[in-house]
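Letter by letter, the chains look like this.
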Amino acid sequence: MVNSSRVRPQQNLGRQTAGIGGIVGGGQQERGVALEMERLSRPDRRVLAVGAATTSSVPSPSSRQAWSRDNPGFEPEEEMVEMEMEWRPTASPGRRSVSTASSSSGGSSSALGGYRSNRAGDRRECRDARGPALEVAMHHPGGDQDQPDRNHGFGWKVLHTLRGLWGTRLMEETVMTREKYLKKVLRELVTYIVFLVILCTLTYGMMSSGMYYYTKVMSNLFLETPLSDKEKTNFKTLSSMEDFWKFSQGPLLDGLYWDFWYNNKTLGENRSLIYYENLLLGIPRLRQLKVKNGSCQILEDLKDEIKDCYDVYSVENEDKSPFGLLNGTAWTYHTEKGLNGSWHSGLISTYSGAGYYLDLSRAKVDAVAQIQLLKDNLWLDRGTRVVFIDFSVYNANINLFCIVRLVAEFPATGGVITSWQFQTVKLIRYLSVVDYFLAACEITFCLFLLYYIIEEALEIYIQRLNYFQSLWNCLDILIILLSVIAVGINLYRTSIVDSSLVPLLEKQDSFPNFEPLAYWQIQFNNMAAAIVFFAWIKLFKFVNINKTMSQLSTTMSRCAKDIIGFAIMFFIIFLAYAQLAYLVFGTQVDDFSTFPDCIFTQFRIILGDFDFSAIEEANRVLGPLYFTTFVFLMFFILLVCIYFWIRRQ
């Protein structure tokens, strides 16, 4: 940027000559300079003067602050030369033609030569600052602003218009005026708000309050129902194999088979409607995994007393031999591939999709006999490590599937540890008008995704590696990557649902494995949640143009080093206490039974959610000492750091 006030005439011009001849010679030289300046100014008619470009009102402090941040060469008290950017598709990649202007207030012919050399130097400096893709040059003499459009024709106009669709601040390789800067920001903000509205419409359209109530009803039926009228034990509080058999013969079968209305009229032959609304799809399945006898080591002195030994579950310890009646699916081992199963992460271990299984009958009477046969022939024994109960239901009123898995783990210590999964998903997607509206939003989202992919590609092409120096640009890339992954998951899930759903529904006498379908739906929901989160965070990028809105980001950037230092001190003490709590209370207190649980429990203590009596009962001395010192040190460090930070400010 060349400032006319910075070009000074040579001071010693008059001292080089003497007398009238020197004065006449100086006058001729000045006339020659004027003619030369007039000749040079003719081809540069399109260069804008300083006053024409900066006649707008004085910028406000907040907008000037954001403007000068993106335009480091801006000097508000001086004149500014506006540079026009021209994009030619026929030029070499990354190359642009930019017009500049400069004015001079007098000087000799040597000064003109110096001006030309300075212009070349400016070209070199622009190449160094902006990269090899930028070239600064003068417009072709004798042209005007509309000449390029007339020369290149309609095709070039179309390309120029398409190029304008992706005009952002990062694509401007010149210093922008305040009005142009605010126009770019407003355009980006409006476009992004439309994208965010479409994204939120899609994600919120996948959820409904009916999903929660559906899950709540099904979980209450199978988890809260007591084993009998005289017992309060339910599935959540099972403690032995005997309790498991009581649950299987009582609340499980009663919840799965609804054959009669409350007035004892039948619902239909071989059809179960849970709560009279939820159709049981196919038949339920029971599956167990066992470990081999002798899979653990026994001390030599105890071998006479202990004959059998069953280790904790692992794939290497799996028992694959037939047992019991030696025939039938319940007594013979089946591989994971044969069952089309998948791994399951339980509370104690991670289990494979293989094992011994039994598919219950569609009639309740036959199912009762099947479970009684398993119980009489000792289907569960010391080698059993886990039992899975899988079934699926469908509610046509709200078009939702509920894939249920009840898990009973039998650890090597004895007893039962229960867990469960109720996955409420919408597998049949396009039925109502709202569904088709969401389909239109999905198409619009894909178009926006393509738009932003092209935009970020152009910005990377122009900015090169400087593009990745901005945290907001990295966030843009992250959102695009997550969106592409979500679109891929959605397409794959739709394809497998279309190909697998109809065969699964048609086979009413077999077990329909909806778990893979539900898995991909859950992964898509998780990905969509992450995209929405980061998309809302990105709004800070646009509100930072306002001084009040930018206070949060400014404060965070100023105190980043202090926060990092405080975090290091905090987590050193925090993790030390977590190790202490795990070793002292891990065997007796559930909240400290694992190291990750210790970390979460200590965060709860800081927030005031704790069970002091359990800690005290676990250790009468170390319990109160641990609790008191932990609370004191955590709050002391926090308050001291806040005090010194405020004092420093």
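Note that residues are indexed from 1 along each chain, following the sequence as it is written. Per-residue local features are limited, in this predicted model, to residues with pLDDT of at least 70; the limit for side-chain atom pairs, both in listing and counting, is 80 or more; totals at the level of whole chains, interfaces and linings are taken over all residues. Based on all heavy atoms of the structure, the side-chain values leave hydrogens and waters out of the count.

A. Representation of the overall build of the chain. Helix and strand assignments follow DSSP, with helices taken as H or I runs no shorter than four residues and strands as E runs no shorter than two, numbered in order from the N terminus. When its secondary structure is counted, the chain shows 19 helices and 11 strands. Contact between two residues is taken to exist if any of their heavy atoms lie within 4.5 Å; hydrogens are not considered. Across the chain, the fraction of contacts at a sequence separation of at least 24, relative to all contacts at a separation of at least 6, is 67%.

B. Seen up close, the nonpolar core. Nonpolar cores are built from buried Ala, Val, Leu, Ile, Met, Phe, Trp, Tyr and Cys residues. Side-chain atoms within 4.5 Å join them into one set. For each residue, the accessible area found with a 1.4 Å probe, counting protein chains only, is set against the maximum for its type, and the residue is called buried under 20%, exposed over 50%, and partly exposed in between. By size, the foremost hydrophobic cluster in this structure holds 45 residues, and its most contacted members are Trp379 and Leu406. For this core, the secondary-structure elements that each account for two or more residues are helix H7 (209-223), helix H8 (241-256), strand S4 (273-274), strand S5 (278-290), strand S8 (356-359), helix H10 (364-376), strand S9 (384-395) and strand S10 (400-409). In this structure, Leu406 is in contact with Phe222, Leu223, Phe235, Phe247, Leu252, Val387, Phe388, Ile389, Ser419, Trp420 and Phe422, ignoring residues within four places of it in sequence. Of all hydrophobic cores here, the second largest spans 25 residues; its members include Leu196, Phe445, Ala486 and Phe542.

C. Inspection of the pattern of salt bridges at higher detail. Salt bridge, as used here, is a side-chain nitrogen of Lys or Arg placed within 4 Å of a carboxyl oxygen of Asp or Glu. Counted according to the given criterion, the structure contains 15 salt bridges. Between Asp435 and Lys426 there is a salt bridge, and its shortest N-O distance comes to 2.7 Å. Accessibility expressed as a relative area gives 5% for Asp435, which makes it buried. Given a relative accessible area of 22%, Lys426 falls into the partly exposed group. Asp476 is the partner of Lys541 in a salt bridge, and the nearest nitrogen-oxygen pair spans 3.3 Å. A residue pair is termed long-range when its members are at least 10 positions apart, and Lys541 in helix H14 (residues 540-543) and Asp476 in helix H12 (residues 471-506) qualify at 65 residues. An identical accessibility class is assigned to Lys541 and Asp476; each is buried. Overlapping salt bridges, with partners in common, bring together Glu231, Glu242 and Lys246 in one network.

D. Inspection of the state of the cysteines at higher detail. Working definition: a disulfide is two cysteine sulfur atoms within 2.5 Å of each other. Using the criterion set out here, one finds 1 disulfide in the structure. Paired by a disulfide, Cys296 and Cys309 hold their sulfur atoms 1.3 Å apart. Disulfide Cys296 to Cys309: torsion about the S-S bond roughly -115 degrees, handedness left-handed. Remark: Cys309 occurs in the loop between S5 and helix H9 (336-339) and Cys296 occurs in the loop between S5 and H9; sequence separation between them is 13 residues. Per residue, the accessibility class of Cys296 equals that of Cys309, and both read buried.

E. Spatial organisation of unusual backbone geometry. The phi torsion at Tyr276 lies on the positive side, around 65 degrees, for a residue other than glycine. Locating Tyr276 in the fold gives a position in the loop between S4 and S5.

F. Summary view of the packing of aromatic side chains. Between the rings of Phe, Tyr and Trp (Trp by its six-membered ring), a pair exists once the centres lie within 6.5 Å; its type follows the angle of the planes, with under 30 degrees stacked, over 60 edge-to-face, and the other angles tilted. Inspection of every chain in the model, using the stated rule, returns 42 aromatic pairs. An angle of 75 degrees between the planes, with centres 6.2 Å apart, marks the rings of Tyr351 and Phe388 as edge-to-face. You can see Tyr351 sitting in strand S7 (residues 350-351) and its partner Phe388 sitting in strand S9, a full 37 residues away along the chain. The burial state of Tyr351 is the same as that of Phe388; both residues are buried. An angle of 85 degrees between the planes, with centres 6.2 Å apart, marks the rings of Phe592 and Tyr626 as edge-to-face. Taken together, the residues span a long stretch of sequence, with Phe592 in the loop between helix H16 (560-585) and helix H17 (595-606) and Tyr626 in helix H19 (residues 622-648) at a distance of 34 residues. Both residues of the pair, Phe592 and Tyr626, belong to the buried class. Three or more aromatic residues joined by ring pairs form one cluster here, namely Phe566, Phe570, Phe571, Phe574, Tyr577, Phe585, Phe592, Phe603, Tyr626 and Phe630.

G. Focus on a nonpolar patch on the surface. Patch membership requires over 30% relative accessible area and the absence of a salt bridge. Like charges are linked within 9 Å, and nonpolar side chains (Val, Leu, Ile, Met, Phe, Trp, Tyr) within 5 Å. Throughout, the Shrake-Rupley method with a 1.4 Å probe supplies accessible areas, and for residues the shown protein chains are the sole cover considered. A grouping of Phe533, Ile537, Phe540, Val543, Met549, Leu552, Met556 and Ile563 is seen on the molecular surface, where their side chains present a nonpolar patch of about 690 Å² in accessible area. Going through the elements one at a time, helix H13 (515-537), H14 and helix H15 (551-558) are the ones with two or more residues in the nonpolar patch. Position of Phe540 among the secondary structure elements: in helix H14. A relative accessible area of 33% means that Phe540 is categorised as partly exposed.

H. Broad picture of the pairing of S10. Most of S10 is tucked away: 10 of the 10 residues are buried. Residues Leu400, Cys402, Val404, Leu406 and Ala408 line one face of S10 and the alternating positions Phe401, Ile403, Arg405, Val407 and Glu409 line the opposite face, and both faces are buried. For two strands to be treated as a pair, DSSP must find at least two bridges joining them. Across 10 bridges, S9 lies against S10 in antiparallel orientation. Note on S10: the bridge partner recorded for Phe391 is Val404. Bridge count between S10 and strand S11 (residues 417-425): 9 bridges; the pairing is antiparallel. Looking at the pairing, Ala408 lines up with Thr418 of S11.

I. Structural detail: the pairing of S5. Burial runs high along S5: 12 of the 13 residues are buried. Relative to S5, S4 runs antiparallel, the two sharing 2 bridges. Residue Ile274 lies in a different strand from S5, and its bridge partner there is Asn278. Connecting S4 to the next strand, S5, in antiparallel fashion are 3 residues, including Tyr275 with a positive phi near 60 degrees. Sheet topology note: the S5/S9 ladder contains 10 bridges and is antiparallel. What sits directly across from Arg287, in S9, is Phe388.

J. How the structure looks around the packing of helix H6 (residues 178-206) against H13. For the pair H6 and H13, interaxial distance at closest approach is 10 Å and the crossing angle is 150 degrees. Classified by the angle between their axes, H6 and H13 sit roughly antiparallel to one another. Taken as a pair, H6 and H13 cross one another with a handedness that is left-handed. Two secondary-structure elements touch here, H6 through Tyr192, Leu196, Leu199, Cys200, Thr203 and Met206 and H13 through Phe524, Asn525, Ala528, Ile531, Val532, Ala535 and Trp536. Partitioning the contact of H6 with H13 into residue classes produces 11 nonpolar, 2 polar and no charged. For helices, the axis comes from a line fit to the C-alpha atoms of the stretch in contact; other axes are also lines fit to C-alpha atoms, and the angle between any two N-to-C directions lies between 0 and 180 degrees. Oblique is the label for any angle not covered by the other classes, which are roughly parallel (under 35 degrees), roughly antiparallel (over 145) and roughly perpendicular (65 to 115). Helix crossings fall into two classes, left-handed where the near helix is turned counterclockwise from the far one by less than a right angle and right-handed where it is turned clockwise. Only Asp, Glu, Lys and Arg are considered charged in this grouping, and only Ala, Val, Leu, Ile, Met, Phe, Trp, Tyr, Cys and Pro are considered nonpolar; every other residue, Gly among them, is considered polar.

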